[in-house]
Amino acid sequence: AAKAEAEEDKATAEGDLQITATTLKVSSSDLATASSTCMTVAADHEATIAARAEELKTIAEAKKILVDTSAGAVSQTYSLLQVSASSGMRLLSRADLAKSEVVVVVRDLARKHHSTALAQLASRIAAVAKFGAANGEDVFAKIKG
């Protein structure tokens, strides 16, 4: 009876040993995988830290360049107020309206006939009408006679 009991204990212990050996093998494999993954993540983290440090250095250098090149801009006041309407003429009187109509008619003729010469003439008339009469004179006085 004692011998049978000892053999039963031995069989149980051998079964436990086999289970423990299998578990050890699986655990060792899992440990190797975890160690490999951990080393990869650590290397990636180091690369990320180095890249971030390089980015911060580049940003600091760019900020220094911007501050150096725009030092005078800080003291200026900026606004979104529009001073004048696009590049067109301002219509303040009947004469201005007539000048504008002349420019429009010549431009329409240029478009209708696909004429670059008329387009240039319209551009010149617009420039003279806008900038030529700074002192208030009639810019078409020579043409009128």
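Residues numbered from 1 in each chain as written. Predicted model: local features only at pLDDT ≥ 70, side-chain atom pairs only at ≥ 80, totals over all residues. Heavy atoms only, no water.

## Examining the overall build of the protein chain
- Along the backbone of the protein chain there are four helices and zero strands.
- Along its sequence from the N terminus, the protein chain presents helices and strands in the succession α-α-α-α.
- In the protein chain, which comprises 145 residues, the share counted as buried stands at 9%.
- Within the protein chain, counting contacts between residues at least 6 apart in sequence, those at least 24 apart form 28% of the total.
- Carbon and sulfur atoms make up 61% of the accessible area of the protein chain, which amounts to about 12,600 Å² in all. (Helix = DSSP H or I, 4+ residues; strand = E, 2+ residues; numbered from the N terminus. Buried < 20%, exposed > 50% of the residue type's maximum accessible area, 1.4 Å probe, protein only. Contact = heavy atoms within 4.5 Å. Areas by Shrake-Rupley, 256 points an atom, 1.4 Å probe, with all protein chains shown as cover.)

## Focus: the nonpolar core
- Among the nonpolar cores identified, the biggest contains five residues, and these are Val-103, Val-106, Ala-122, Ile-125 and Ala-126.
- Mapped by element, the contributors of at least two residues to this core are helix H2 (94-113) and helix H3 (116-132).
- For this core, the leading source of residues is H3, giving three residues. (Core = buried A, V, L, I, M, F, W, Y, C linked by side-chain atoms within 4.5 Å.)

## A few points about unusual backbone geometry
- We note that His-114 has phi near 50°; this positive angle belongs to a residue other than glycine.
- Examined against the element boundaries, His-114 turns out to sit in the loop between H2 and H3.
- Given a relative accessible area of 73%, His-114 falls into the exposed group.

## Observations regarding H2
- An ideal rise of 1.5 Å per residue puts 28 Å on 20 residues; H2 measures up with 29 Å between its terminal C-alpha atoms.
- Turning to H2, its buried residues number three or more, namely Asp-96, Lys-99, Ser-100, Val-103, Val-106 and Ala-110. Along the long axis of H2, the arc covered by the buried residues comes to 130°, so they all point the same way. Within H2, the exposed residues directed more than 90 degrees away from the buried face are Arg-94, Lys-112 and His-113.
- Phi turns positive one or two residues past the end of H2, at His-114, with a value near 50°. (Expected span 1.5 Å × (residues − 1). Arc of directions from axis to C-beta.)

Everything listed here is a matter of geometry and, on its own, says nothing about what the molecule does.
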